[in-house]
Structures are given as C-alpha cells and as structure tokens.
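Residue-level structure breakdown
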Amino acid sequence: MKIAAFIHDGVPCVGLLGADSQSVQAFEVTRAVAAKGALPIVELLSRGEPLPKLLTPIALDSVRLTAPIPQPRRNIFCVGKNYYAHAREFAGSGFDSSAKAGGDIPEVPIYFTKVPECVVGPTDYIDIPVGVSEAIDYEVELAVVIGKGGKGIKAADAMQHVWGYTIINDVTARDWQQRHLQWHLGKSFDSFCPMGPWLVSADECDGTNTQVRCYVNGELRQNASTADLIFNIPTLIETLSAGITLYPGDVIATGTPVGVGIGFKPPKYLQHGDLVRLEIDGIGSIDNPVRRLP
Ligand code: MG
C-alpha cells in the first residue's frame, strides 16, 4: 500500500493512494490524527490493528501532498558516506571533516540526525538562508520507515522491522558541515528535509535493490542502485538498534550516491530558481523548487 498525507479543501488528511496513482482515499480519522500523516497509521498497523474506514476516492490532482510524516516523532536518523563512489567524492572535496588520511571508506556506519522540524513536503521550497549559508547541496536518499520497533535487532531479522520506504532529500549547508566538525547543524536548517511523495510498504518496493536518481533543472546528477550501499539496510538497523530502541515510524535515511554538488569543480551549489527532482523506482518522485530567503 501507499500511504499519502495531503491537504484537501484546507483540511489535513491521510489516506491510501489508488492503484492507478490518480486518486486518494482519506481514512476516517480525527483532524488531529490526520495532521500526523502516516505516522499513526504505521503505528496501528505495527500493533496488528486494522486500517480505519476509507472515505470516497478523490482525484490526486485536487489535493496538495504534504510530507507523508510531516512531524516525525523524533530526529531523522541519517547515514553518511554509504556509497563507495560518494565516499571518495566527499573525502576529495575538502569538505569532509570526518575524513582520515587513506581512509575514505568508513569501517562502520557514520550516523547523524536531522531535526524533525526541517521536514517539508514533496513540492515545497528548499530555502537558501541568505546571510547564513549559500553553499547548499542536494542528496537523494532512500529512507527506511520502521514498522515493528525493537532494540538489539539482528541483521538477519532486520527486514521484518521495515514497514516501508519513502524519498528524502538530505539537503546540506556544506560550509556548516565542514566548519562545525559535525553534520547536525548544516543538515537541519529549516526546509532541509523534503520528503515524499508517500510511504510505500515493503511488499511493494524492494528497497535493497532499487534505483535512486536526482535531477537539477532536468540534468541527471545522481543515479545509483541501493544494492551498492556500503552498509546495507539490515546492517544499518542492527547498528542503530544496538543501543537505541527503535519505534514505529522512525525514519532512517540510508545515504546518498556520487554526484552531489561539491563533487564538481567548482561546486554546483543550489541556486534560486533551481528545481530538484528526486526519483526512486517503486516509490515515485518529488520536485522541490529552490529560493533565496532573505
Ligand atoms: Mg546524506
């Protein structure tokens, strides 16, 4: 199933995408529940409870999609340098404060987080915060959404804890990422986590082997398979859950492939008026315009 969160006639809704991807059917839930998007639906499914009743289908083009989880329950877990070619590209860019001489490829997963409030929808603006940073970069990423929670999850069991997937743009202020010797600040600015267009359940998308792409103004910049992750999804879940209890609806962004803006000489940072399109086979696409925010 595909769970979409959207605004219809000014009212927040959460529902199922139709099989033809042209319609949506809202669940009959309170406005407060609907405003949390897919999160309460993933929670009830993880408890083994049935889906809420569905209302009459409405045309997809009559609604405005929001992020499927517009208010994540806590920070979004993210993995850095998780594709070989990107790890080399980043280490060679001069922006990688985590790089060690001769050690471009990490030996264990590098985790950081983004604050929940930086999530925006699949057509919302990415803001360039003028006076704070203009070294703004894009990163297409497959995001894993946890279903059944747990702690000490072994890699062999990890896929049973994956509810499904969505697309995330791990937008980054490169100068802040470099200068402050950690990645949280420069990756958590307002609007720095476009998400969507919906959640896709794991039975409808093989997140372990799907193609991810990023276009800027129609130019293909990133194009890779998640089969090429350095640390695969089971390993990421085993590592993360060793000491941290995972909950239904937790989001794990799995890293970005080669082709980010700082991989070019000179860097190709996002500019006012750019359009960033992210696609993942089996999920869909998101299109976020870029604007300078004085
Ligand atoms: Mg990233």
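Residues numbered from 1 in each chain as written. Predicted model: local features only at pLDDT ≥ 70, side-chain atom pairs only at ≥ 80, totals over all residues. Heavy atoms only, no water.

1. Some thoughts on the nonpolar core
Ranked by size, the top nonpolar core spans 86 residues in total, and within it Ile237 and Ile283 carry the most contacts. Inspection of this core shows a minimum of three residues originating in each of domain 1 (2-65) and domain 2 (76-293). (Core = buried A, V, L, I, M, F, W, Y, C linked by side-chain atoms within 4.5 Å. Buried < 20%, exposed > 50% of the residue type's maximum accessible area, 1.4 Å probe, protein only. Domains from an automatic or database assignment.)

2. Observations concerning helix 7 (residues 233-241)
The complete set of buried residues in helix 7 reads Ile233, Pro234, Leu236, Ile237, Leu240 and Ser241. The buried residues of helix 7 occupy an angular sector of 160° when projected down its axis, which confines them to one face. For helix 7, the elements touching its buried residues are strand 6 (76-80), strand 7 (110-114), strand 11 (140-146), helix 4 (155-158), strand 12 (162-169) and strand 17 (251-253). (Helix = DSSP H or I, 4+ residues; strand = E, 2+ residues; numbered from the N terminus. Arc of directions from axis to C-beta. Contact = heavy atoms within 4.5 Å.)

3. A closer look at the coordination of the magnesium ion
Protein coordination of the magnesium ion is provided by Glu139 (OE), Glu141 (OE) and Asp170 (OD), with donor distances spanning 1.9 to 2.1 Å. Here the donor residues of the magnesium ion are spaced in sequence according to E-x1-E-x28-D. Judged on exposure class, the residue Glu139 and its partner Glu141 are both buried. (Donors = N, O, S within 2.8 Å, 3.2 Å for Na, K, Ca; no water.)

4. Examining the pattern of salt bridges
In total, this model carries 20 salt bridges according to the counting rule given. Arg64 is paired through a salt bridge with Asp124; the nearest N and O atoms lie 3.8 Å apart. Taken together, the positions of Arg64 in strand 5 (residues 64-65) and Asp124 in the loop between strand 8 (119-120) and strand 9 (126-129) put the pair 60 residues apart, joining distant regions of the chain. The exposure class of Arg64 is partly exposed, given its relative accessible area of 42%. Three or more residues are tied together by salt bridges with common partners; here these are Lys114, Asp137, Glu139, Asp170, Arg174 and Lys187. (Salt bridge = Lys/Arg side-chain N within 4 Å of Asp/Glu carboxyl O.)

5. Focus on the domain arrangement of the protein
Assigned domains of the protein: these are domain 1 (2-65) and domain 2 (76-293). With 13 residues of domain 1 in contact, the opposing surface of domain 2 contributes 15 residues. For the pair domain 1 and domain 2, the two sides together bury roughly 1,100 Å², of which 69% comes from carbon and sulfur. By the criterion of area lost to domain 2, the three top residues of domain 1 are Lys2, Val42 and Leu65, representing 49% of everything that side buries. At the boundary of domain 1 and domain 2, one finds 2 residue pairs in polar contact (both at pLDDT 80 or more). Counting residues per element, the ones that place at least two in the side of domain 1 that touches domain 2 are strand 1 (2-8), helix 2 (39-46) and strand 5. With 5 residues, the single largest contributor to the side of domain 1 that touches domain 2 is helix 2. Grouping the amino acids of the side of domain 1 that touches domain 2 by side-chain chemistry returns 9 nonpolar, 1 polar and 3 charged. (Buried area = accessible area lost by both parts, 1.4 Å probe. Polar contact = N/O pair within 3.5 Å; in protein donor to acceptor, adjacent residues only side chain to side chain. Nonpolar A, V, L, I, M, F, W, Y, C, P; charged D, E, K, R; others polar.)

6. Details of the packing of aromatic side chains
What the rule picks out here adds up to 4 aromatic pairs. Taking 5.4 Å as the distance between ring centres and 80° as the angle between the ring planes, the aromatic pair formed by Trp176 and Phe189 counts as edge-to-face. In this pair, Trp176 is assigned in helix 5 (residues 174-179) and Phe189 in the loop between helix 6 (184-187) and strand 14 (193-201), connecting sequence segments 13 residues apart. Of the two residues, Trp176 and Phe189, both sit in the buried class. (Phe/Tyr/Trp six-rings, centres within 6.5 Å; stacked < 30°, edge-to-face > 60°.)

7. Here we look at the environment of Gly186
Tracing the chain through its elements places Gly186 in helix 6. The exposure class assigned to Gly186 is buried, which follows from its relative accessible area of 0%. A C-alpha to C-alpha distance of 4.8 Å links Gly186 and Trp176, two positions 10 residues apart in sequence. In this structure, Gly186 is in contact with Val171, Thr172, Ala173, Trp176, Gln177 and Phe192, ignoring residues within four places of it in sequence.

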